[in-house]
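Structure at a glance
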Amino acid sequence: MILTITMNPSIDIAYSMTMLQSDTVNRVTDVQKTAGGKGLNVTRILHQLGSNVIASGLIGGVLGEAIKDDLTKAGIHHDFMPICGETRNCIAILHDGVQTEILESGPVIEESEATTFLSHLEKLADKADILSFSGSLPKGLPTDFYCQMLAVCRGKPVVLDCAGEVLKQVLQHDIKPCLIKPNITELSELLGRKVSTQTADLKAALSSTLFEGIEWLVVSLGAEGAFAKHNNTFYRVTIPKINVVNPVGSGDATVAGMTAALERGESDEAVLKQGNVLGMLNAQEATTGYVQMANYQTLYDQIKVEKV
């Protein structure tokens, strides 16, 4: 079983309109509302893959209930911990060929809620084969909270997709995730220098002592594919050109693909191929966290994974 954790979920609202006018009324007829947050994007892709997945995290209020209803209708199992605060809205306005986002920060988590969640997570982790933690931490939680979460998972493999100070805390902690997936910009920020996409520079970057103890390092390179290190072996992943419709959520789809392949004990090549093909399939769709599996094999066969 795969357990996905979303600590700061949201109701994602997308407004599509020809143009956005300021200081007046804008009426919208094309509206989409979905259960959102990086971890829930991962969950939906895993569900489409046919994986046995349970979604968890922190959820509260009317919007929290709406998220649970949305997942239930989609046939996705969930076991969230309720909180006193209200789950947030995240609004994307698609207008004039661009996208304007309005993101609420979300609820403030009480110390007692944080402690109770760790107990909740420990029970769920006992049943899981692999876990996926994705996204930001809500206000009220310390920046080392992912470290605390890793500690209660008792050595279960964890795929972690986060950034900034939260990721730095994890890298400095004794208990490490199985896999992290920074993009090239995030990798540069972690190392305090600009990292290029050249093979030699990427190998040097991923060989930093900062990443000791992490089995898998996968760096997203956008249209250039990915670069990865599994134990002491390096890989460059080359992907075909595609027509990108909406890139939002593609990183989450990549995480889902790699997590599912790791759960099944697949080869390094299969882990990297499945992750990247799902990221591309998500980018070809207008809906975040959705893929057309009918196109899977065609793209899969075009991806090259080479040892370097």
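Residues numbered from 1 in each chain as written. Predicted model: local features only at pLDDT ≥ 70, side-chain atom pairs only at ≥ 80, totals over all residues. Heavy atoms only, no water.

Under the annotation held in an unreviewed UniProt entry, the protein carries the name Tagatose-6-phosphate kinase and is attributed to Staphylococcus rostri. The Pathway (unreviewed entry) comment attached to the protein in UniProt states, word for word, "Carbohydrate metabolism; D-tagatose 6-phosphate degradation; D-glyceraldehyde 3-phosphate and glycerone phosphate from D-tagatose 6-phosphate: step 1/2." If you open the UniProt record of the protein and go to Catalytic activity (unreviewed entry), you find "D-tagatofuranose 6-phosphate + ATP = D-tagatofuranose 1,6-bisphosphate + ADP + H(+)". (UniProt positions renumbered as here; feature names shortened; annotations may be inferred.)

1. Observations concerning unusual backbone geometry
In the Ramachandran plot, Asp23 falls in the positive-phi region, its phi being about 60° despite a non-glycine side chain. Position of Asp23 among the secondary structure elements: in the loop between strand E2 (10-16) and strand E3 (30-36). The class for Asp23 is exposed, based on a relative accessible area of 82%. The phi angle at Asn231 is positive, at roughly 55°, despite the residue not being glycine. Position of Asn231 among the secondary structure elements: in the loop between strand E13 (226-230) and strand E14 (233-238). When its relative accessible area of 42% is taken as the criterion, Asn231 is described as partly exposed. (Helix = DSSP H or I, 4+ residues; strand = E, 2+ residues; numbered from the N terminus. Buried < 20%, exposed > 50% of the residue type's maximum accessible area, 1.4 Å probe, protein only.)

2. What about the packing of aromatic side chains?
One pass over the structure, following the stated rule, counts three aromatic pairs. Note on Phe227 and Phe234: the rings are 6.2 Å apart at their centroids and 40° apart in plane angle, and the pair reads as tilted. An angle of 25° between the planes, with centres 5.6 Å apart, marks the rings of Tyr296 and Tyr300 as stacked. Placement of both Tyr296 and Tyr300 in helix H10 (residues 296-300) is noted, with a separation of four residues, approximately one turn of the helix. You can call Tyr296 buried: its relative accessible area is 12%. On the basis of relative accessibility, which here comes to 18%, the residue Tyr300 falls in the buried class. (Phe/Tyr/Trp six-rings, centres within 6.5 Å; stacked < 30°, edge-to-face > 60°.)

3. So, the side chain of Thr4
Along the chain, Thr4 turns up in strand E1 (residues 2-6). Thr4 gets classed as buried once you look at its relative accessible area, which sits at 1%. In this structure, Thr4 is in contact with Gly39, Val42, Thr43, Leu46, Val53, Ile54, Ala55, Ser56 and Ser132, ignoring residues within four places of it in sequence. (Contact = heavy atoms within 4.5 Å.)

4. So, the environment of Asp161
Relative to the elements of secondary structure, Asp161 occurs in strand E10 (residues 158-161). The spacing of Asp161 and Gly251 is 90 residues in sequence and 8.8 Å in space, taken between C-alpha atoms. Non-local contacts of Asp161, meaning those with residues more than four positions away in its chain, are made with Lys38, Phe133, Ser134, Gly135, Lys181, Asp252 and Val255. A polar contact of 3.3 Å, which involves the side chain of Asp161, links it to the side chain of Lys38. (Polar contact = N/O pair within 3.5 Å; in protein donor to acceptor, adjacent residues only side chain to side chain.)

5. With respect to helix H5 (residues 164-171)
Residues of H5 that are buried include every one of Val166, Leu167, Val170 and Leu171, and no others. One side of H5 carries all its buried residues, which in axial view fall inside an arc of 140°. Residues of H5 that are buried sit in contact with helix H4 (145-152), E10, strand E11 (179-180) and helix H6 (184-191). (Arc of directions from axis to C-beta.)

6. A look at the sheet that holds E3
The four strands are arranged E3-E2-E7-E8 in an open sheet whose pairing can be described as mixed. The open sheet has two free edges, formed respectively by E3 and strand E8 (98-103), since each of these has just one partner strand. Within the sheet, the average angular offset between the axes of one strand and its neighbour, ignoring direction, is 20°. In this structure, strand E7 (residues 88-95) lies alongside E8, joined through six bridges in antiparallel fashion. Bridged to Ile93 within E8 is Thr100. This element, helix H2 (residues 61-73), spans E2, E3 and E7 of the sheet and lies at about 80° to E2. (Pairing = 2+ DSSP bridges. Axes fitted to C-alpha atoms, helices over the stretch in contact; angles between N-to-C directions.)

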